[in-house]
Amino acid sequence: MKRKAEKQESSGCNEGPKGKMTLLLALVALISAFGSSFQYGYNVSVINSPAPFMQEFYNRTYLDRNGVPMDSSFQTLLWSLTVSMFPLGGFFGSLMVWPMVNNCGRKGTLLINNLFSIVAAILMGTSEVAKTFEVIILSRIIMGIYAGLASNVVPMFLGELSPKNLRGAIGVVPQLFITVGILVAQILGLNSILGNATGWPILLGITGIPSLIQLVTLPFFPESPRYLLLQKGNEEQARRALQKLRGWDDVDDEIKEMLQEDRSEKEEGQFTVFSLCTFRGLRWQLISIIVMMMGQQLSGINAVFYYADRIFQSAGVDNNSVQYVTVSIGAINVVMTLVAVFIVESLGRRILLLAGFGFCCVSCAVLTLALNLQNTVHWMSYLSIVCVIVYIIGHAIGASPIPFVMITEMFLQSSRPAAFMVGGSVHWLSNFTVGLVFLYMEAGLGPYSFLIFCAICLATMVYIFFIVPETKNKTFMEINRIMAKRNKVEIQEEKEELEDFRTVPGGQAEKKEIFSSGL
């Protein structure tokens, strides 16, 4: 086998050849992200444009049933439910991550998850014909559950498939497709396309198409080799999957690294959320993902989008053209996330996180000033536009994509599903909270709302600077050693027994205590 002699002299997982982007790896990343992450983004944005026409449908349906028009406060309640059920469903979907990925596998979970999307798409697409607005609200919960699972399982799946030198770039691909989904929903939602009285049911219903494509194609691609080896105990299937993904036959180094990981955590078994939260050896990893996920959602991205139309109108953009400006912001989001795919492996995760939150922090501070002075200083409205663009760039290169990459990298196989469940739950709860609180905050504080977001960005940036390590081009075990020092625990490894490990019946080799202090 190629490079065999060279590899036998090397020190295991640290000196092996760099993984390359094979056609199979690229295809599985694209199909997973398009079939799942794309729809998260699409459904975040899809009801914004047709909102007046959907509310008119709610009112008309109610009138036909009851003979009286809908009360305006009841209509507001129904529309608030339509919007907020999506992130609430996302929270419920995140709670399903741990049991599903452990029992059904990563690929299996994505395939099952498609059924949620297809059912919701059919219900939403036929809601007008069926003259029922209740199914739209129900479908938003179902789509939220779908998005909650997808937003956690796709980064986990792709992170486990990827070689260490491509893990960051491939880990950003799901976020890239989320931004593409938002942009496509904005384009299709234009009044001249589907964002009108006749087109909105089609706009809602076509979300099922990517799921159908994924349902048909994903079964032909391999399951996560780490899941096959470390959780199913099937080394032969794991080896075959790795050989297909890497494009070469000799994958011994990666198998050894996985087995080393397996040995280092065998004492603990599979982590539940409770055991993860109480385990000293993973304390700083857990705090880090909670801080990054809260920072990501509470940093004001929703507020910037909310204010964007108003900011552009104050700069002289015509009311009829504002929707095209919104599309242009979506395009900037996509382009900068694409840039992140290409620079994350060269610059590293820490730099992008710090730069991203730094851009967001500065732009929120300046935006507060600009919004307050735009009525007295005429060029301040143009400064507001610059702040919006800088903010979007900052969020797209760091705050949005990197936290999910970090969850994959900071946890080992046994704790990763529980970590994604915690991180995903924080992500969706924070999203839901911002949706509930921001309108009240905006009414009470006006432009000064952005000072709160500025402070959150600054606090997140300071935490990342002092606590979060660089994980670029490191194996999961190397990252685990770095965090073990932060947690003040000691990892005991017995490398000489790696080869013997597979010969012990049932894999129950005798092991020393992994984390030796203060558990």
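Under an unreviewed UniProt entry, the name given to the chain is Solute carrier family 2, facilitated glucose transporter member 5, and the source organism is Columba livia. Comment text from UniProt for the chain, heading Catalytic activity (unreviewed entry), reads "D-fructose(out) = D-fructose(in)". Database annotation for the chain, UniProt heading Sequence similarities (unreviewed entry): "Belongs to the major facilitator superfamily. Sugar transporter (TC 2.A.1.1) family. Glucose transporter subfamily."

A. Layout of the nonpolar core. With 90 residues, the main nonpolar core has Leu276, Ile407, Phe411 and Phe450 as its most contacted residues. Here this core gets 9 residues from one element, more than from any other, and that element is helix α19 (residues 349-373). When residues of this core are sorted by domain, at least three fall in each of domain 1 (21-221) and domain 2 (274-489). Core analysis: the second largest hydrophobic core is formed by 36 residues, Ala120, Ile136, Met143 and Leu204 among them.

B. Summary view of the packing of helix α13 (residues 235-246) against helix α14 (residues 252-264). Taken N-terminus to C-terminus, the directions of α13 and α14 make an angle of 130 degrees; their axes are 10 Å apart at the nearest point. It follows from the interaxial angle that α13 and α14 lie oblique. The handedness of the crossing between α13 and α14 is right-handed. Contacts between α13 and α14 pair Glu235, Arg239, Leu242 and Arg246 from the former with Asp252, Glu254, Ile255 and Met258 from the latter. Broken down by class, the residue content of the contact of α13 with α14 amounts to 3 nonpolar, no polar and 5 charged.

C. Representation of helix α22 (residues 416-445). At valine 437, α22 shows its largest bend, some 40 degrees. Downstream of α22 by one or two residues, glycine 446 has phi in the positive range, about 60 degrees.

D. Main features of unusual backbone geometry. Phi at lysine 131 is positive, roughly 55 degrees, even though this residue is not glycine. The residue lysine 131 is located in the loop between α7 (127-130) and α8 (134-161) in this model. Lysine 131 sits in the exposed class, given a relative accessible area of 52%. One non-glycine residue, asparagine 473, adopts positive backbone phi at about 60 degrees. Its place among the elements puts asparagine 473 in the loop between α23 (449-467) and α24 (476-486). What makes asparagine 473 partly exposed here is its relative accessible area of 31%.

Each value, and the rule that gives it
Residues numbered from 1 in each chain as written. Predicted model: local features only at pLDDT ≥ 70, side-chain atom pairs only at ≥ 80, totals over all residues. Heavy atoms only, no water. UniProt positions renumbered as here; feature names shortened; annotations may be inferred. Core = buried A, V, L, I, M, F, W, Y, C linked by side-chain atoms within 4.5 Å. Buried < 20%, exposed > 50% of the residue type's maximum accessible area, 1.4 Å probe, protein only. Helix = DSSP H or I, 4+ residues; strand = E, 2+ residues; numbered from the N terminus. Domains from an automatic or database assignment. Axes fitted to C-alpha atoms, helices over the stretch in contact; angles between N-to-C directions. Parallel < 35°, antiparallel > 145°, perpendicular 65-115°, else oblique. Left-handed = near helix turned anticlockwise from the far one by under 90°. Contact = heavy atoms within 4.5 Å. Nonpolar A, V, L, I, M, F, W, Y, C, P; charged D, E, K, R; others polar. Bend = angle between axes of the 7 residues up to and from the residue.

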